[in-house]
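Geometric and topological summary
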Amino acid sequence: MPDANDEIDNGPTDASPAGVRWNVADTLLLALLSLLALGLRLVGIGQWSFGVVEAETFRALTQPLFAGPDSFAASGQSTYPAVFLLLRSLLEIGALPGFTEGWIRLPFAFAGCLLVPSVALFARPQFGRGVACLSALVIAVHPGHIAASQTADPIVFAMTLAVFAGAALLGGKRRVAVILAVLAGACHPIGWLCGVGMLCAAATDRVVRKTPPWGWWLLLLLVIVLVPSLLDVVGMSLPLLAVIAVLIRPQLANGPNSLGLALATLGPLLVGGIWWLLGGIVVASASIATLAPLTVLASWAVVRFWRRLHEQHAQDEHRRWVMRLLMTAPAIMLLGELATAAFLYFAVFSGARPPWREVRNVVLAKAASGHQVEVIAARGCDVMRAYLRPRHWREPVTDSPSSLDPHPGMRVSPLPKDAVEAQQLLSLPDAMLVLQNDELRALQNSAAGRTLVGDFVVVEVWPSPQRSGDQSVYLLQRR
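Residues numbered from 1 in each chain as written. Predicted model: local features only at pLDDT ≥ 70, side-chain atom pairs only at ≥ 80, totals over all residues. Heavy atoms only, no water.

Some details on helix α20 (residues 419–426)
- Looking at α20, one finds that the buried residues are Ala422, Leu425 and Leu426. Projected down its long axis, α20 shows its buried positions confined to an angular sector of 95°, all on one face. For α20, the exposed residues lying more than 90 degrees away from the buried face are Val420 and Gln424.
- If you follow the buried residues of α20, they end up packed against β1 (373–377), β2 (410–414), β3 (431–436), α22 (447–452), β4 (456–462) and β7 (473–478). (Buried < 20%, exposed > 50% of the residue type's maximum accessible area, 1.4 Å probe, protein only. Helix = DSSP H or I, 4+ residues; strand = E, 2+ residues; numbered from the N terminus. Arc of directions from axis to C-beta. Contact = heavy atoms within 4.5 Å.)

In structure tokens, the structure reads:
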């Protein structure tokens, strides 16, 4: 929490310096928060199974770099290659000893840890010491960011680079800021929005001060529409406090650029919303990309509340303890929600991903020697390929006579959307069907689906309750 002598918590005045020096105590606190963040991100980092996003990363790391239509250069990931090329280099030189869950996630954990000092460096010049320290603490313990840092998703690199770009611009290093923003875009498609958004948040708000009244109502409407999609990742307290921070901005003559931060939050959300409307795909990366600006806005609202009450009741000796408790209530609410969610993430939700590795173990145990096992999966197809056929993309099987299957006797195929193709695939004698709860229910609730899986029974179930719903995995075999 800030102290009473922190004179720039309401935002810098015209006489405030462009940058603020960090003293020994502040630097030590920031180092401790960074170590806390690193420790939390290393807990169970190799324990959780690969997720769907990580299967895409695994494919990008094992594909040939240049070798026709099945190469990395021909894949969609080649349009944002920075993180994949970095990991491939680390794997080639032996810095990462293998393709296991823990080793692949390790660079992402370090990149996530670096967001803690970067958000503090960004928040300090504009919002003051209290906001900087509280923002760093929130990022360090936020379960959504812990989960992202334990997932091999390039958005973690993009977000950290974007915030460093904003901090560099505030420090007067424009070329460095532009380079970092471009690197953020090279890490992830949403990274372009992150980079531009944080540069706007770091720039002067001379333009956004002239926003007409209807602009504020439009901003509030967008927040109301888009915030529900955030709740699974960022929780309820951060968006609520951030909205309060944006709404009080017009009351401040020389306040910091909170509207720029609001726009940095809405950019990724708009893209994620369009993605969802067009393809029906919930893009978790869009929510992760909002964490840094949301955290700074929410921390600013908390610190302003604390300072306002402190100024009004500093001389009230009779209710000092009551007022102290009231002043810290928003911070306690925010950190309490994050601590509870972090506990659930580690203890109940098992890293917020289904137990695909356990499915792999059972499939291997059931695979009879000399039989062609056909595993058919929907959403988890690439995950099962990464586990059951780890050289599937490194040595793709073609129609050439010289092409050899690196994993004979084990095939993994996606469940076709065409009913005729699906029926042909499911009619194979050793077919196994791997489905998640919603996928199985969708098949059972349609006449065509019941026909497809009519001969199959559930032989194993792996319960996986998550905050976003039931993600249990079912293994089905023919009767």
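On we go.
Focus on the nonpolar core
- The biggest cluster of nonpolar side chains holds 97 residues, and the ones touching the most others in it are Phe122 and Met159.
- For this core, the leading source of residues is helix α4 (residues 101–127), giving 11 residues.
- Sequence-distant contacts of methionine 159, defined by excluding residues within four places in its chain, comprise Leu115, Cys194, Met198, Ile288, Ala289, Ala292 and Pro293.
- In terms of nonpolar packing, the next biggest core, distinct from the first, is built from 14 residues, Leu425, Leu433, Phe456 and Leu476 among them. (Core = buried A, V, L, I, M, F, W, Y, C linked by side-chain atoms within 4.5 Å.)

Describing a nonpolar patch on the surface
- On the surface, a nonpolar cluster with roughly 320 Å² of combined accessible area is contributed by Leu28, Leu32 and Leu35.
- Mapped onto the secondary structure, leucine 32 falls in helix α1 (residues 24–42). (Patch = residues over 30% accessible without salt bridge, like charges linked within 9 Å, V, L, I, M, F, W, Y side chains within 5 Å. Areas by Shrake-Rupley, 256 points an atom, 1.4 Å probe, with all protein chains shown as cover. Salt bridge = Lys/Arg side-chain N within 4 Å of Asp/Glu carboxyl O.)

Quick word on helix α5 (residues 129–141)
- Between its terminal C-alpha atoms α5 stretches 19 Å, which fits the 18 Å expected from 13 residues at 1.5 Å a residue.
- Most of α5 is tucked away: 11 of the 13 residues are buried.
- The complete set of buried residues in α5 reads Gly130, Val131, Ala132, Cys133, Leu134, Ser135, Ala136, Val138, Ile139, Ala140 and Val141. (Expected span 1.5 Å × (residues − 1).)

Digging into the packing of helix α7 (residues 155–170) against helix α9 (residues 189–202)
- It is at 8 Å that the axes of α7 and α9 come closest, and there the two elements cross at 20°. Judged on the interaxial angle alone, α9 and α7 are roughly parallel. Of the two possible hands of crossing, α7 and α9 adopt the one that is right-handed. Seen from α7, the contacting residues are Ile155, Ala158, Met159, Ala162, Val163, Ala165, Gly166, Leu169 and Leu170; seen from α9, they are Ile190, Gly191, Cys194, Gly195, Met198, Leu199 and Ala202.
- Looking at side-chain class alone, the contact of α7 with α9 contains 13 nonpolar, 3 polar and no charged residues. (Axes fitted to C-alpha atoms, helices over the stretch in contact; angles between N-to-C directions. Parallel < 35°, antiparallel > 145°, perpendicular 65-115°, else oblique. Left-handed = near helix turned anticlockwise from the far one by under 90°. Nonpolar A, V, L, I, M, F, W, Y, C, P; charged D, E, K, R; others polar.)

Here's the deal with the pairing of β1
- Across the 5 residues of β1, 5 count as buried, placing the element largely inside the fold.
- Of the two faces of β1, the one carrying Val373, Val375 and Ala377 and the one carrying Glu374 and Ile376 are both buried.
- Across 5 bridges, β1 lies against β2 in parallel orientation. The residue of β2 that forms the bridge with glutamate 374 is arginine 411.
- Bridge count between β1 and β3: 4 bridges; the pairing is parallel. Opposite valine 375, over in β3, you have methionine 432 as the bridge partner. (Pairing = 2+ DSSP bridges.)

A few points about the packing of aromatic side chains
- A complete count under the given rule lists 10 aromatic pairs for this structure.
- Measuring from ring centre to ring centre gives 6.0 Å for phenylalanine 58 and phenylalanine 99, while their planes differ by 70°; the resulting arrangement is edge-to-face. Separated by 41 residues along the polypeptide, phenylalanine 58 in helix α2 (residues 52–62) and phenylalanine 99 in the loop between α3 (82–93) and α4 bring together distant segments of the chain.
- Given the relative accessible area of 29%, phenylalanine 99 is considered partly exposed.
- With centroids separated by 6.0 Å and ring planes inclined at 65°, the aromatic side chains of phenylalanine 72 and phenylalanine 84 adopt a geometry described as edge-to-face. (Phe/Tyr/Trp six-rings, centres within 6.5 Å; stacked < 30°, edge-to-face > 60°.)

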